[in-house]
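Residues per chain are reported as follows:
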Amino acid sequence: MCLTDKKRNIIIIIVAIGACVALSCSTSYLKKALNTILKEQLEMQIMSELNQSDVQLSDRIEEMKNYATIMGNLYGKEAVDLDTASQTLQHSTLLIPSNVILVDEEGQLQYIQQNVEWKEYRENWDEIRQQEVYVDRDGKQLFITIPIEKKSGDKEYLSCFYSYSVLEELLEKQQYQKHMVHSLLDQEGKIIASTEKNKVKLDYLEKIFTKMEHNLPELRIVSVGQQNTNQLLFTYLKTPYYIYTCENSLTGFTMVALTRKRELSSSIQTVRNAIRFPVAILLLLIITLAAIMIYFHFKVVRIKDKSNDALFIEKERYRVTTEGMDNIIFEYYSTEDSFYISNNLKDIFCVSKPKTIKEFETYLHPDDREQYFRKKTLLELGSCEEEMELRLVNQQETRWFRGKVTSVRTERMGNRVIGKLEDIQKEKEELEALSILVEKDAMTQVYNKVSTIRKIDELLAEEQKEGRQGKHAYYFIDIDNFKKVNDTLGHKIGDQLILLLVDCMQTVFTQDEIIGRFGGDEFIVFVKNYKDQAQLKDLAEQLAAKIEKERASCQMLSVTIGIACYPEDGTTNEEIMEKADQALYIAKKAGKNQYHFIHQR
């Protein structure tokens, strides 16, 4: 349906107003959605930092264990004293402990690297040696203890001391959100290390964590990587906090990230402010682009409407032009199998208009199909021009047409064949009539001398071109005493004799044979592909019998025949004709009214 320019402008205005209303209504929703997305992204970053800290804590504990294990192996298996072992490991990349002790099975101190009061640890020794990692909260130390089997079979325990400062260094090296406080808690919720250095604030944090341990709110589990991080909203002294925790599987320690709710919201607002201007620009660009697209859409529609109108007028002009012509116009798209042919086909050829190329091809004459499909293949392969003459067959007639066809190939439309069929039936009939006048003898309607020689030459040349050689025969036939008949009885009787002979020859010989008049009373019959000489004799005797039968009405009619064979008697037309003429001369000399082979076999 075509729209006027005024209607299109109204539609553009309505669409623009609708877009503005929709944008206004969706602003609130987009704001909430953006807050949610930013909060989730920030939380994911916090939880990723927690997990990273947890992994580094595990690596640090493993490094402590590796030191204790290597030192125990040097002492237990290689019998290296502990001072030497300690000096050996001093230059390694392993984490060096602040002190090392060796205690036997009964709890007696066997070795100490740095002087400490053993009695401070003696009463807790049983608990220390049973735990691979033991936390001394009062002394702010970690004990890494491993059992050692000596060669003598005695069992001793090696314990390495590490200060809390090792863990504090771990937290200090991490890059955290500025508003977050990261801490490491032991199993009882006591702070081992923290990024917060203020003593008052640390005490405040410990109270929060203690409160959290004894009065847990509803907990939400968020998966990050292969570990689970606990996230909860916790209120302490009317201040809401977001707390994120991650428990270390090796030590039972808990990594904690804490921030006030308002600080998290402030960070989200900062990010939102940073992206507000680009988002506004993006929305403006989208609205502008949409308006431009709508404008150009209607402009294209308007151009398309004009093109459709022009195309309709062109089609009508094309239809009127083709229907007023004798030529039949057709088009064929091979890629889409689309076919069009003008309506005047029905007027010229008296058949219903074919809808497909295959339906049109059913009208082709069988002898023209090979030529047609060969040309069609060439046209479908690419851009070219072809011309052909072909016959179309319906129930009433066979009609000749001349086709002139052009093939155009494009990447978008594929192969397009355009052509016309010109009715040349009248031209063919005139040519055939003219050919008869040129080729045939006017009185007898058999071939004249020139046409006879040409047709025989063409047949022999075609055989030579195809590399084959048939067996053919020449019958040189002459009417006996023809000059005497003309002189005594007149040319009218002579003409009747000639016509009677021609009728006899056409009765005996088939239409495949070439019958020609060479002179006044001389005729040639060229027999193609005979079997043997017996067949040739039989044909000569049949002709003699037919003439003998006609003698009842015309006593003057008799003929003499000279016969020569190809290729036995010659390999060219001239040679065989000369030999047949010699055979005729021999038969005339022998008494006429007989036939003779130039070489009897």
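Look above for the structure.
About the thresholds
- Residues numbered from 1 in each chain as written.
- Predicted model: local features only at pLDDT ≥ 70, side-chain atom pairs only at ≥ 80, totals over all residues.
- Heavy atoms only, no water.
- Helix = DSSP H or I, 4+ residues; strand = E, 2+ residues; numbered from the N terminus.
- Buried < 20%, exposed > 50% of the residue type's maximum accessible area, 1.4 Å probe, protein only.
- Contact = heavy atoms within 4.5 Å.
- Areas by Shrake-Rupley, 256 points an atom, 1.4 Å probe, with all protein chains shown as cover.
- 1 Å grid on protein atoms, 1.4 Å probe; cavity = no way out; pocket = protein on both sides within 12 Å on 5 of 7 lines; lining within 4 Å.
- Points joined across faces, edges and corners; volume = space filled by probe spheres on them.
- Nonpolar A, V, L, I, M, F, W, Y, C, P; charged D, E, K, R; others polar.
- Pairing = 2+ DSSP bridges.
- Axes fitted to C-alpha atoms, helices over the stretch in contact; angles between N-to-C directions.
- Phe/Tyr/Trp six-rings, centres within 6.5 Å; stacked < 30°, edge-to-face > 60°.
- Patch = residues over 30% accessible without salt bridge, like charges linked within 9 Å, V, L, I, M, F, W, Y side chains within 5 Å.
- Salt bridge = Lys/Arg side-chain N within 4 Å of Asp/Glu carboxyl O.
- Core = buried A, V, L, I, M, F, W, Y, C linked by side-chain atoms within 4.5 Å.
- Lys, Arg positive; Asp, Glu negative; His and termini not counted.
- Charge placed at Lys NZ, Arg CZ, Asp CG, Glu CD.
- Parallel < 35°, antiparallel > 145°, perpendicular 65-115°, else oblique.
- Left-handed = near helix turned anticlockwise from the far one by under 90°.

## Details of the overall build of the chain
Thought 1: Per the secondary structure count, the chain includes 16 helices and 21 strands.
Thought 2: Buried residues in the chain amount to 40% of all 601 residues.
Thought 3: Taking the intrachain contacts of the chain between residues at least 6 apart in sequence as the baseline, contacts between residues at least 24 apart amount to 56%.
Thought 4: For the chain, the computed accessible surface area is about 35,100 Å², with 53% contributed by carbon and sulfur atoms.

## Digging into empty space enclosed by the protein
Thought 1: Evaluation of the coordinates by the stated rule reveals 1 cavity of 30 Å³ or more.
Thought 2: What the largest cavity holds in volume is close to 210 Å³.
Thought 3: Taken together, 15 residues line the largest cavity, and the ones lying closest to its centre are Phe330, Tyr372, Leu379, Val405 and Val417.
Thought 4: Contributions of two or more residues to the lining of the largest cavity are made by strand E12 (328-333), helix H9 (357-361), helix H10 (369-381), strand E14 (384-393), strand E15 (398-410) and strand E16 (414-423).
Thought 5: Per element, the largest residue contribution to the lining of the largest cavity is 4 residues, and it comes from H10.
Thought 6: Looking at the lining of the largest cavity residue by residue, the classes come out as 12 nonpolar, 1 polar and 2 charged.

## Section: the sheet that holds strand E2 (residues 109-112)
Thought 1: Pairing in this open sheet of 5 strands is antiparallel, and the strands run E2-E1-E5-E4-E3 from one edge to the other. Two strands in the sheet have a free side with no partner beyond their single neighbour: E2 and strand E3 (133-136). This sheet shows a mean twist of 25° between the axes of neighbouring strands, independent of strand direction.
Thought 2: Judged from the 4 bridges that link them, E3 and strand E4 (residues 141-149) form a sheet pairing that is antiparallel. Bridged to aspartate 136 within E4 is glutamine 141.

## Regarding the packing of aromatic side chains
Thought 1: Taken as a whole, this structure holds 11 aromatic pairs when the rule is applied.
Thought 2: With centroids separated by 5.9 Å and ring planes inclined at 35°, the aromatic side chains of phenylalanine 339 and phenylalanine 360 adopt a geometry described as tilted. Remark: phenylalanine 360 occurs in helix H9 and phenylalanine 339 occurs in strand E13 (residues 338-341); sequence separation between them is 21 residues.
Thought 3: Accessibility expressed as a relative area gives 11% for phenylalanine 339, which makes it buried.
Thought 4: With relative accessibility at 7%, the residue phenylalanine 360 sits in the buried group.
Thought 5: Consider the rings of phenylalanine 476 and phenylalanine 518, whose centres lie 5.9 Å apart with planes at 75°: the pair is edge-to-face. Remark: phenylalanine 518 occurs in the loop between strand E18 (514-517) and strand E19 (522-527) and phenylalanine 476 occurs in strand E17 (residues 472-479); sequence separation between them is 42 residues.

## Concerning a nonpolar patch on the surface
Thought 1: A contiguous nonpolar surface patch, about 300 Å² in accessible area, is contributed by Ile292, Tyr295 and Phe296.
Thought 2: Look at tyrosine 295 and you get partly exposed, because its relative accessible area is 43%.

## Focus on unusual backbone geometry
Leave glycine aside and you will find that most residues have negative phi; peptide bonds, for their part, are mostly trans.
Thought 1: Here tyrosine 566 and proline 567 are connected by a cis peptide whose omega angle stands at 5°.
Thought 2: Within the secondary structure layout, proline 567 lies in the loop between strand E20 (559-566) and helix H16 (573-589).
Thought 3: Non-glycine residue glutamine 445 carries a positive phi angle of around 65°.
Thought 4: Within the secondary structure, glutamine 445 sits in the loop between helix H11 (425-439) and helix H12 (449-466).

## Brief notes about the pattern of salt bridges
Thought 1: With the rule as written, the count across this model stands at 17 salt bridges.
Thought 2: Residues lysine 376 and glutamate 361 are paired through a salt bridge, measuring 2.8 Å at the closest nitrogen-oxygen approach. Highlighted residues: lysine 376 in helix H10 and glutamate 361 in helix H9, separated in sequence by 15 residues.
Thought 3: A residue is classified by how much of its surface remains accessible, and glutamate 361, at 7% relative accessible area, is buried.
Thought 4: With a closest N to O distance of 3.0 Å, arginine 399 and glutamate 397 form a salt bridge.
Thought 5: Overall, glutamate 397 belongs to the partly exposed group, its relative accessible area being 27%.
Thought 6: Counted as one network, the salt bridges with shared partners bring together Glu389, Arg402, Glu422, Glu427 and Lys428.

## With respect to the nonpolar core
Thought 1: In this structure, Leu142 and Tyr162 are the most contacted members of the largest nonpolar core, which totals 44 residues.
Thought 2: With 32 residues, the next largest nonpolar core counts Ile477, Ile498, Ile547 and Cys565 among its residues.

## A few points about the environment of methionine 443
Thought 1: In this fold, methionine 443 is placed in the loop between H11 and H12.
Thought 2: Setting aside its immediate chain neighbours within four residues, methionine 443 contacts Asp495, Ile498, Leu499 and Arg517.

## What about a negative patch on the surface?
Thought 1: Where like charges cluster on the molecular surface, the negative patch consists of Asp457, Glu574, Glu575, Glu578 and Asp581.
Thought 2: Within the secondary structure, glutamate 575 sits in helix H16.
Thought 3: Residue glutamate 575 is classed as partly exposed on the basis of its relative accessible area of 37%.

## Digging into the packing of helix H14 (residues 491-508) against helix H15 (residues 533-550)
Thought 1: Across the interface, H14 lies against H15 with an axial gap of 9 Å and an inter-helix angle of 140°. In this view, H14 runs oblique relative to H15, as classed from their interaxial angle. The handedness of the crossing between H14 and H15 comes out as right-handed. Only Leu539, Gln542, Leu543, Lys546, Ile547 and Glu550 of H15 make contact with H14, whose side of the interface consists of Leu500, Leu501, Cys504, Met505, Thr507 and Val508.
Thought 2: A breakdown of the residues in the contact of H14 with H15 according to their chemical character gives 8 nonpolar, 2 polar and 2 charged.

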